[in-house]
Amino acid sequence: MSVVDQLLAAITRDGDHEELNAALDFRLMLAGAPNPAAVLRAFFDLRHAVAERHYLPFYRLRRWLETNMLALVHVDRSSSPHRVRLQLDAASFGALYAQCAVTATAGRPPQAWTRVQFAAADLRSSGAGSEQPLPTA
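What you see as residue numbers is a count from 1 along each chain, following the sequence as written. Only residues with pLDDT of at least 70 are given local features in this predicted model, and only at 80 or more are side-chain atom pairs given and counted; all residues enter the totals for whole chains, interfaces and linings. Side-chain figures throughout are based on the complete set of non-hydrogen atoms in the structure, without hydrogens or water.

Chemist: Is there a simple way to explain the overall build of the chain in this structure?
Modeler: When its secondary structure is counted, the chain shows five helices and three strands. When the helices and strands of the chain are listed from N to C terminus, the series reads α-α-α-α-β-β-α-β. Buried means the residue's accessible area, taken with a 1.4 Å probe over protein chains only, is under 20% of the maximum for its type, while exposed means over 50%, and partly exposed covers the values in between. Scored against the burial criterion, the 137 residues of the chain give a buried share of 42%. The contact criterion used throughout is that any non-hydrogen atoms of two residues lie within 4.5 Å. For the chain, the proportion of contacts with a sequence separation of at least 24, taken over those separated by at least 6, is 58%. Comment: elements are numbered from the N terminus, with helices defined as DSSP H or I runs of at least four residues and strands as E runs of at least two.

Below is the structure:
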């Protein structure tokens, strides 16, 4: 949370209301019992608002999320999900979803029934189907 708080302080000094709203929304997502997919959506909203003006704190935040979250990709209905590390250089949440699906299918186009679920990185393989709260930043 300290990186998000530093970002909030910098945005407050600049006085940009759109950036401040995006940062506050993201912080609220992290502070509660977050849904990892909702956190990632808020991350991309925040990215579009602040990434160029506040590069360093946003980079730290991105690296923290990449370390603490992963994608669980079901490439078919009969097998267990593939664990895919996140690379948050995608342009949007939809692009991240597609990137994770392609990574799990070894570069082949995903099938119509391929599903991507986002979760905390500390999941045990037996609990792979449930979403867990994120560790605190």
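From this point, the narrative continues.
Chemist: Explain the nonpolar core here, please?
Modeler: If you look at soluble globular proteins, the nonpolar side chains tend to sit buried side by side. To form a nonpolar core, buried Ala, Val, Leu, Ile, Met, Phe, Trp, Tyr and Cys residues must be joined to one another through side-chain atoms within 4.5 Å. F26, L46, L86, L96, C100 and F118 are the most contacted members of the largest nonpolar core, which has 38 residues in total. Secondary structure elements with two or more residues in this core: α1 (2–14), α2 (17–31), α3 (36–50), α4 (55–68), β1 (69–74), α5 (93–104) and β3 (115–120). Top contributing element to this core by residue count: α3, with nine residues. Setting aside residues up to four positions removed in sequence, L96 forms contacts with L40, F44, L86, Q87, L88, A90 and F118.

Chemist: Whenever I open this one, the sheet that holds β3 confuses me. Can you help?
Modeler: The strands making up a sheet are joined through hydrogen bonds of the backbone, oriented either antiparallel or parallel. An order of β2-β1-β3 is seen for the three strands of this open sheet, with the pairing classed as antiparallel. Each having just a single partner strand, β2 (82–85) and β3 make up the two edges of the open sheet. Going across the sheet, the axis of each strand differs from the next one's by a mean of 35°, ignoring polarity. Here the rule is simple: two strands pair whenever DSSP picks up at least two bridges between them. Judged from the four bridges that link them, β1 and β2 form a sheet pairing that is antiparallel. Its bridge partner lying in β2, L70 is registered against R85. Running over the sheet, α3 touches β1 and β3 and is turned about 90° from β3. Interaxial angle, 0 to 180 degrees, is taken between N-to-C directions of lines fitted to C-alpha atoms, where a helix line uses only the stretch in contact. Contacts from α5 reach β1, β2 and β3, with the element oriented near 100° to β3.

Chemist: Any chance you could explain the pairing of β3 here in plain terms?
Modeler: Within a regular strand, side chains alternate between the sheet's two faces. With five of its six residues buried, β3 lies for the most part within the structure. Pairing analysis gives six bridges linking β1 to β3, with the strands arranged antiparallel. Note on β3: the bridge partner recorded for M69 is A120.

Chemist: Honestly, the packing of aromatic side chains in this entry has me stumped. Any pointers?
Modeler: Aromatic ring pairs are defined here through the distance separating the ring centres and the angle between the ring planes. Here the aromatic set is Phe, Tyr and Trp, taking the six-membered ring for Trp, and pairing holds for ring centres within 6.5 Å; pairs whose planes are under 30 degrees apart are stacked, those over 60 apart are edge-to-face, and all others are tilted. In this structure the tally under the stated criterion is five aromatic pairs. Ring centres 5.3 Å apart and planes at 75° place the aromatic pair F43 and F44 in the edge-to-face group. Ring geometry for F43 and F58: centres 5.0 Å apart, planes at 15°, overall stacked. With F43 in helix α3 and F58 in helix α4, this residue pair connects regions lying 15 residues apart in the sequence. F58 shares its class with F43; the two are buried. Among the aromatic residues, ring-to-ring pairing joins F26, F43, F44 and F58 into one connected group. When the NZ atom of lysine or the CZ atom of arginine is within 6 Å of a ring's centre and also within 35 degrees of its normal, the charge is said to sit over that ring. Directly above the ring of F93 sits R41, whose terminal nitrogen or CZ lies 4.1 Å from the centroid.

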